[in-house]
Amino acid sequence: MNRLPIRWRLTLAFALALTAVLGAAGVFLYAQLSSDVDVAIERDLRMRAGQLSALVIQSPISVLTTTPSEALEPDEAIAQILTPAGQVVAASSDADVQLLTPAQLQAAASKELFVDRPGDATLDESLRIFATPVHARGETLIVLVADSLDERAKTLASTLGVEIVGLGAALVASCGVGYWVAGLALRPVEALRQRAAAISGDDLADGERAPLPVSPVADEIGRLGRTLNDMLDRIGRAQAAQRDALEQQRRFLADASHQLRTPLAIIKAEVELAQSGTTKGDDLRAAVASIGEETDRLSGLTEELLLLAAADEQRLTLNREPVKVRDLLTDVAERGRGRAQLEGRTIMVQSDDSMITADRQRLEYALGNLLDNALTHGAGKVELVGQRSADAVEIRVRDHGGGFTPSYLAHPFVRFAPTASTGRGTGLGLAIVEAIAEAHGGSVSIRNDDGAAVTLSLPTDPARPVAAPGSDPSAPATATNPVGVVSKNTDERLHGTRIPDY
């Protein structure tokens with residue numbers, strides 16, 4: 001059954017249902033006809049018995065006894081006048097045949113009686129007998145009339161044959177119509193299949209792709225078509241996103257290769273120069289120092305790339321602990337204060353007593369990046385501000401320099417983006433900050449506020465992510481990484497140990 005095409009299954013189900021309906025109708029018609037024939041036979045027998053009873057009442061017994069039997073219907077229908085003892089007083093034919101048993105005679109002497117007598121060696125026809133008592137001239141007689149049931153059997157058999165042929169023909173014709181109707185009903189599905197078969201992978205990603213034909217009626221076929229169109233749209237968007245992600249990965253790899261190639265080339269050149277034997281004294285020390293600087297730069301870039309890779313694969317480790325925001329900002333400020341003093345700048349910390357559950361070292365790494373950017377590309381004093389806002393804590397790092405350029409504000413978290421006119425840095429700082437914030441279920445926003453301002457919004461409850469400040473609170477928060485995703489070996493893969501302190 002399950003291997004049959006759906007069109008044949010529908011037709012078969014339709015045939016079975018129709019067979020049941022037509023069979024029930026045939027049985028009802030046959031039973032109704034049988035009942036009508038029986039009523040007609042019994043009515044005719046009553047009428048004949050009434051006529052014969054009237055004759056018995058009106059004529060003396062002597063007349064009945066000497067009256068030829070032909071006067072009592074000498075045809076195939078039998079009529080008899082009996083005494084309660086079963087003696088035949090008069091008969092139309094077969095006077096010597098006993099039609100009723102003694103028990104039936106006794107019953108017929110007191111009430112009307114219908115009896116079906118099957119054919120036998122004496123009478124080959126089946127009979128329906130009607131017997132009724134008649135009281136005439138002080139005695140009781142039994143009037144008996146009978147009619148053949150062969151005509152009834154022939155009529156019912158003929159009707160049954162007509163029903164079988166007619167209902168069978170109707171069933172075959174109806175199944176043909178059902179097969180055609182099923183094909184007509186499934187035609188929209190076939191149109192959907194043909195159109196879907198013609199769709200290629202390029203068509204799915206094409207925003208101008210022609211949709212599948214959908215029935216305008218809001219029935220099962222129409223809903224199926226709309227569901228398939230929605231599914232194809234989702235697949236197309238997923239393919240487009242995947243293609244964009246692959247393109248972004250290609251650009252990322254190309255940019256990373258470029259960033260790694262430069263320090264490696266410098267290290268190689270310095271090593272070759274030191275090995276040449278012509279470099280001595282201060283020049284050799286300068287070459288070794290340059291190699292050390294480029295090695296540190298290469299190591300830092302590698303750590304940043306590995307951190308972003310772990311974030312992209314949702315394996316960024318978070319070792320959460322209670323963190324007091326004021327203490328966190330104070331430690332970050334102390335690590336950058338020496339550099340700020342050398343440049344004649346100050347770092348100001350302002351925070352309430354808010355507490356969050358977070359990975360302290362990750363946050364120190366992110367805030368250290370922001371502080372380094374403020375000292376490198378900004379001007380004036382640097383402010384580290386922490387304050388509670390609803391169910392989140394906002395940490396803002398702000399300087400008083402020229403701020404972000406409009407082109408940078410349009411795409412602030414693009415990796416390897418040009419950072420500033422100084423040309424320093426890799427362009428990964430804000431991308432790393434964003435990855436760490438989103439791993440905590442938070443977000444990052446930047447703006448110009450009399451200088452450059454970067455705000456981290458971190459949830460006080462790790463189970464409730466927060467949206468970026470200024471965004472629609474009803475919109476779902478987007479995070480690259482789920483909250484609290486842990487991989488035991490991530491830190492070792494990133495840095496060999498933990499993220500280094502500043």
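Not measured: the values here are computed from a predicted model. (Residues numbered from 1 in each chain as written. Predicted model: local features only at pLDDT ≥ 70, side-chain atom pairs only at ≥ 80, totals over all residues. Heavy atoms only, no water.)

Novice: Explain the overall build of the protein to me, please; I cannot follow it from the model alone.
Specialist: Across its full length, the protein holds 12 helices and 12 strands. When each of the 502 residues of the protein is scored for burial, the buried share is 36%. Considering only contacts in the protein between residues 6 or more positions apart, those separated by 24 or more positions represent 66%. A total accessible area of about 27,600 Å² is found for the protein, and carbon and sulfur atoms account for 57% of it. (Helix = DSSP H or I, 4+ residues; strand = E, 2+ residues; numbered from the N terminus. Buried < 20%, exposed > 50% of the residue type's maximum accessible area, 1.4 Å probe, protein only. Contact = heavy atoms within 4.5 Å. Areas by Shrake-Rupley, 256 points an atom, 1.4 Å probe, with all protein chains shown as cover.)

Novice: Help me out: how do you make sense of a nonpolar patch on the surface in this one?
Specialist: Judged by side-chain polarity, Leu4, Trp8, Leu12 and Leu16 come together as a nonpolar surface patch covering roughly 390 Å² of accessible area. Among the secondary structure elements, Leu16 is positioned in helix 1 (residues 6-58). Exposure remark for Leu16: the relative accessible area of 58% places this residue in the exposed category. (Patch = residues over 30% accessible without salt bridge, like charges linked within 9 Å, V, L, I, M, F, W, Y side chains within 5 Å. Salt bridge = Lys/Arg side-chain N within 4 Å of Asp/Glu carboxyl O.)

Novice: Before we go on, may I ask you to explain helix 9 (residues 360-377) in this structure?
Specialist: With 18 residues, helix 9 should reach 26 Å at 1.5 Å per residue; the first-to-last C-alpha distance of 25 Å fits that figure. For helix 9, the buried fraction is high: 14 of the 18 residues fall into the buried class. Capping of helix 9 at its N-terminal end is provided by Asp359; its side-chain oxygen lies 3.2 Å from the backbone amide nitrogen of Gln361. (Expected span 1.5 Å × (residues − 1). Polar contact = N/O pair within 3.5 Å; in protein donor to acceptor, adjacent residues only side chain to side chain.)

Novice: Honestly, the packing of helix 8 (residues 325-342) against helix 9 in this entry has me stumped. Any pointers?
Specialist: When two helices pack together, their arrangement is given by the angle between the helix axes and by the axis-to-axis distance. Where helix 8 meets helix 9, the axes come as close as 10 Å, and the angle between the chain directions of the two elements is 40 degrees. When you trace helix 8 past helix 9, the crossing you get is right-handed. Listed contacts from helix 9 to Asp327, Leu328, Leu329, Asp331, Val332, Ala333, Arg335, Gly336, Arg339 and Ala340 of helix 8 are Arg360, Leu363, Glu364, Leu367, Gly368, Leu371, Asp372, Leu375 and Thr376. Across the contact of helix 8 with helix 9, the residue classes break down as 9 nonpolar, 3 polar and 7 charged. (Axes fitted to C-alpha atoms, helices over the stretch in contact; angles between N-to-C directions. Left-handed = near helix turned anticlockwise from the far one by under 90°. Nonpolar A, V, L, I, M, F, W, Y, C, P; charged D, E, K, R; others polar.)

Novice: Even after reading the chapter, I still don't get the packing of aromatic side chains, so can you show me in this structure?
Specialist: What characterises a pair of aromatic rings is the spacing of the ring centres plus the angle enclosed by the ring planes. Per the stated rule, a full pass over the model turns up 2 aromatic pairs. A ring pair is formed by Trp8 and Tyr179, whose centres lie 4.9 Å apart and whose planes are at 45 degrees; its orientation type is tilted. Note that Trp8 is positioned in helix 1 and Tyr179 in helix 4 (residues 150-197), a separation of 171 residues in sequence. With 4.6 Å between their ring centres and 35 degrees between their planes, Phe114 and Phe130 make a pair best called tilted. Here Phe114 is found in strand 3 (residues 113-117), whereas its partner Phe130 is found in strand 4 (residues 127-136), with 16 residues between them in sequence. Here the guanidinium or amino end of Arg7 rests over the ring plane of Tyr179, the centre of that ring lying 3.9 Å away. (Phe/Tyr/Trp six-rings, centres within 6.5 Å; stacked < 30°, edge-to-face > 60°. Lys NZ or Arg CZ within 6 Å of the ring centre and 35° of its normal.)

Novice: Would you take a moment to explain the pairing of strand 1 (residues 78-82) for this structure?
Specialist: The side chains of a regular strand alternate between both faces of the sheet. When you tally the buried positions in strand 1, you get 5 out of 5 residues, the bulk of the element. Of the two faces of strand 1, the one carrying Ile78, Gln80 and Leu82 and the one carrying Ala79 and Ile81 are both buried. Relative to strand 5 (residues 139-148), strand 1 runs antiparallel, the two being bridged by 5 bridges. Counterpart to Ile78 in the pairing with strand 5 is Ala146. Sheet topology note: the strand 1/strand 2 (residues 88-91) ladder contains 3 bridges and is antiparallel. Among the inter-strand pairings, Gln80 is bridged to a residue of strand 2, identified as Ala91. Here strand 1 folds back onto strand 2 in antiparallel fashion, the turn holding 5 residues, of which Gly86 has a positive phi close to 100 degrees. (Pairing = 2+ DSSP bridges.)

Novice: Explanation requested: the nonpolar core in the structure shown.
Specialist: Soluble, globular proteins show a tendency: their nonpolar side chains are buried together. In terms of nonpolar packing, the biggest core is built from 39 residues, with Ile356, Leu367, Leu370, Ile395 and Val454 touching the most fellow members. The element that contributes the greatest number of residues to this core is helix 9, accounting for 8 residues. Formed by 17 residues, the second largest nonpolar core is a distinct cluster that contains Leu52, Ala79, Ile81 and Val134. (Core = buried A, V, L, I, M, F, W, Y, C linked by side-chain atoms within 4.5 Å.)

Novice: Would you explain the pattern of salt bridges in this entry?
Specialist: It is possible for side chains of opposite charge to pair when their charged atoms get near one another. Enumeration according to the criterion identifies 18 salt bridges in this entry. Between Arg398 and Asp450 there is a salt bridge, and its shortest N-O distance comes to 3.9 Å. Remark: Asp450 occurs in the loop between strand 11 (443-448) and strand 12 (452-459) and Arg398 occurs in strand 10 (residues 392-398); sequence separation between them is 52 residues. We classify Asp450 as exposed; its relative accessible area is 56%. Between Asp449 and Arg447 there is a salt bridge, and its shortest N-O distance comes to 3.6 Å. We classify Asp449 as partly exposed; its relative accessible area is 25%.

Novice: In this structure, what is going on with unusual backbone geometry? I would like to understand it.
Specialist: The phi angle of most residues is negative, glycine excepted, and most peptide bonds adopt the trans form. Its identity as a non-glycine residue notwithstanding, Ala390 has a phi of 60 degrees, on the positive side. Within the element layout of this structure, Ala390 appears in the loop between strand 9 (382-389) and strand 10. Here the phi dihedral of Asp450 falls at roughly 55 degrees; this positive angle occurs in a residue that is not glycine.

Novice: Just to check I follow, could you spell out the sheet that holds strand 10 for this structure?
Specialist: Within a sheet, neighbouring strands are paired by backbone hydrogen bonds and run either parallel or antiparallel to one another. Taken in spatial order, the 5 strands make up an open sheet running 7-9-10-12-11, and their pairing is mixed. One side of each edge strand has no neighbouring strand; the edge strands of this open sheet are strand 7 (347-351) and strand 11. On average, adjacent strands in this sheet sit at an angle of 15 degrees to one another, irrespective of strand direction. Note: strand 7 against strand 9, 5 bridges, orientation parallel. Paired with Met348 across the bridge in strand 9 is Glu383. Running at roughly 30 degrees to strand 10, helix 9 makes contact with strand 7, strand 9, strand 10 and strand 12 of the sheet. Strands in contact with helix 11 (residues 429-439) are strand 11 and strand 12; relative to strand 11, the strand with the most contacts, it is inclined by about 140 degrees.

Novice: What exactly am I supposed to notice about the sheet that holds strand 2 here?
Specialist: With antiparallel pairing, 5 strands are arranged side by side in an open sheet as 2-1-5-4-3. Two strands lie at the open edges of the sheet, namely strand 2 and strand 3, each paired on one side alone. Strand-to-strand twist of the sheet, defined as the mean angle between neighbouring strand axes without regard to direction, takes the value 25 degrees.

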